[in-house]
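# Chain and residue survey
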Amino acid sequence: MRNAILELLRSHGADYLSGEDVSRQLAVSRTAVWKHIQALKQAGYEIESHTRLGYRLRVVPDRLCPEEIIPHFNTQWMGKRILYFNDIGSTNIEARDEAQRGAPEGTIVVSEMQNNGMGRLARGWYSPQYKGIWLSVVLRPKFRPQDAPKCSLMAAVALERAIAAQTGIHCGIKWPNDLLVGNKKLVGILTEMSANFDSINYIIIGMGINVNLLGEDIPEDLQSIATSLAIITGKTVDRKALLGKILKELEYSYEQVCREGFGKLLDEWRQKSITLGQIVDVYGLDQHFSGQAVDIDAEGALLIERPTGIERVVAGDVSIRMKTAE
Ligand code: BT5
């Protein structure tokens, strides 16, 4: 009902719409209309009320609530079920709980902020209110559990495309799945899985996109490593439109992978990679060495050339060595 009232107000633009008209068109009482208007005001919508003329929508808040994001969605099935929070510990944990309770594929969890945002390897993710897109998506693929880590690479490619389409900014992908601009991190991805020996129950792809953080929003310890779309473009970026595009690209890539396998996607990842060809320091789960990153293999593992031969890195971090002047 809230959504329907909002649609009516929107369609009237700068004109007033009487409470009686709303009540007649939506077949609800005037009191019910009034209550919904109060709820919308509380959610941040500025609605002018006039005793004779009725209601007029003045300002739409910058929120990722279903009423605001659905008009930007152009997907077949992704994002058809939305769980929206103002504040939450972690969207990945909520998505995991939902998936365990049977949430359908394509369910998304969005929060305006996270107070316990998670990075990989028990690290944290800083997620201030209204400044980013803190999003988790539930997938239930039919492919093998061994293929699941490549979903991070898939998400990185889809996010790069969506960001380029919406803002014109091309990010580089740092293995396995950071999106960087000018050596600073714009996006982090955390993929989690629940699986049996030979089948996947669900995959959660968690994505943190720094959209409208300004310099002063970034804590001291992240200043030298983090950036945002607003910092790069010098403009506020429309989070709703970007979210819509991200879901579209993710749905497209996932359907391609389910149909044809990961081949094309890994090729696109290679093209967008800033890791390949570089001398890197590798911090694996139980190893630390350096060498030249030469490729990723069909499993998405990074291949490092060393004097002793090629090393395969399945999980961990790499840091790219700065080139020194010759
Ligand atoms: C990641 O981990 O990059 C994965 C981040 C995933 C976040 C999303 S938000 C929605 C969903 N729900 C969650 O709870 N998580 C996912 P990692 O590669 O481990 O990077 C973490 C490191 O990045 C931290 O140790 C910081 O150094 C740095 N960092 C933290 N917050 C950042 C931010 N907002 N922007 C850039 N860097 C950040």
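As shown above, the structure is provided for reference.
Looking only at helices and strands, the protein features 9 helices and 14 strands. Principal-axis analysis of the C-alpha atoms gives the protein an extent of 85 × 50 × 30 Å. Going through the 326 residues of the protein one by one, you find that 50% of them count as buried. Long-range contacts, defined as pairs at least 24 residues apart, comprise 64% of the intrachain contacts of the protein with a sequence gap of at least 6.

Note on terminology: a disulfide is the covalent bond linking the sulfur atoms of two cysteines. Tallied over the entire structure, the rule returns 0 disulfides. Cysteine Cys171 is unpaired, with the sulfur of Cys151 as its nearest cysteine sulfur at 20 Å. Cys171 sits in the buried class, given a relative accessible area of 6%. Residue Cys258 stays outside any disulfide, its sulfur separated by 8.1 Å from that of Cys151, the closest cysteine.

With that out of the way, let us pick up the site of the ligand. Surrounding the ligand, one finds 26 residues, the nearest of these being Ser90, Met118, Arg123, Lys185 and Asn210. One of the side-chain N or O atoms of Thr91 is found 2.9 Å from a nitrogen atom in the ligand. For the ligand, a nitrogen atom lies 2.8 Å from a polar atom in the side chain of Asn210. The fraction of the free accessible surface of the ligand (800 Å²) that becomes covered by protein chains is 91%. If you list the elements that add at least two residues to the shell around the ligand, you get α5 (91–100), β5 (132–139), β8 (184–195) and β9 (200–210). Broken down by class, the residue content of the shell around the ligand amounts to 10 nonpolar, 12 polar and 4 charged.

This part is about the side chain of Ser136. Topologically, Ser136 is positioned in strand β5. Classification of Ser136 by relative accessible area gives buried; the value is 0%. A distance of 2.6 Å separates polar atoms of two side chains, one belonging to Ser136 and the other to Asn92. For Ser136, the residues in contact, after removing those within four places along its chain, are Thr91, Asn92, Ala95, Thr107, Ile108, Val109, Ile204, Ile205 and Gly206.

All chains considered together, the criterion is met by 2 aromatic pairs. Taking 5.8 Å as the distance between ring centres and 65 degrees as the angle between the ring planes, the aromatic pair formed by Trp77 and Tyr254 counts as edge-to-face. With Trp77 in the loop between α4 (66–69) and β3 (82–88) and Tyr254 in helix α8 (residues 239–260), the pair connects residues that are 177 residues apart, well separated along the chain. For Tyr254, a relative accessible area of 3% corresponds to the buried category. Across from the ring centre of Tyr130, 3.9 Å away, lies the NZ or CZ of Arg63, which sits over that ring.

We now examine the nonpolar core. By size, the foremost hydrophobic cluster in this structure holds 61 residues, and its most contacted members are Leu135, Ile163, Met207 and Ile209. Ranked by residues supplied to this core, first place goes to helix α6 (residues 150–167) with 10 residues. Counting residues in hydrophobic clusters, the runner-up holds 14 residues, among them Ile5, Leu9, Leu17 and Leu57.

Residue classification places Trp77 among the partly exposed residues on the basis of a relative accessible area of 21%. Taking the C-alpha atoms as reference, Trp77 lies 9.9 Å from Pro104; in sequence the two are 27 residues apart. Residue contacts for Trp77: discarding those within four places in its chain leaves Glu105, Gly106, Leu139, Glu251, Tyr254 and Glu255. A polar atom in the side chain of Trp77 sits 2.6 Å from the side chain of Glu255.

Here we take up the sheet that holds strand β13 (residues 309–313). Sheets are built from strands paired through backbone hydrogen bonds, the pairs being either parallel or antiparallel. If you trace the 5 strands from one edge of the open sheet to the other, you get β13-β12-β11-β10-β14, paired in antiparallel fashion. Here the strands that pair on one side only, and so sit at the sheet edges, are β13 and β14 (316–320). Taking each pair of neighbouring strands and ignoring which way they run, the sheet shows an average axis angle of 45 degrees. One ladder, built from 5 bridges, connects strand β12 (residues 302–306) with β13; its direction is antiparallel. In the sheet register, Arg306 faces β13, and the bridge partner there is Gly309.

Rules and cut-offs
- Residues numbered from 1 in each chain as written.
- Predicted model: local features only at pLDDT ≥ 70, side-chain atom pairs only at ≥ 80, totals over all residues.
- Heavy atoms only, no water.
- Helix = DSSP H or I, 4+ residues; strand = E, 2+ residues; numbered from the N terminus.
- Buried < 20%, exposed > 50% of the residue type's maximum accessible area, 1.4 Å probe, protein only.
- Contact = heavy atoms within 4.5 Å.
- Disulfide = S-S within 2.5 Å.
- Near = heavy atom within 4 Å.
- Polar contact = N/O pair within 3.5 Å; in protein donor to acceptor, adjacent residues only side chain to side chain.
- Areas by Shrake-Rupley, 256 points an atom, 1.4 Å probe, with all protein chains shown as cover.
- Nonpolar A, V, L, I, M, F, W, Y, C, P; charged D, E, K, R; others polar.
- Phe/Tyr/Trp six-rings, centres within 6.5 Å; stacked < 30°, edge-to-face > 60°.
- Lys NZ or Arg CZ within 6 Å of the ring centre and 35° of its normal.
- Core = buried A, V, L, I, M, F, W, Y, C linked by side-chain atoms within 4.5 Å.
- Pairing = 2+ DSSP bridges.
- Axes fitted to C-alpha atoms, helices over the stretch in contact; angles between N-to-C directions.

Interpretation in functional terms is not warranted from these geometric data alone.
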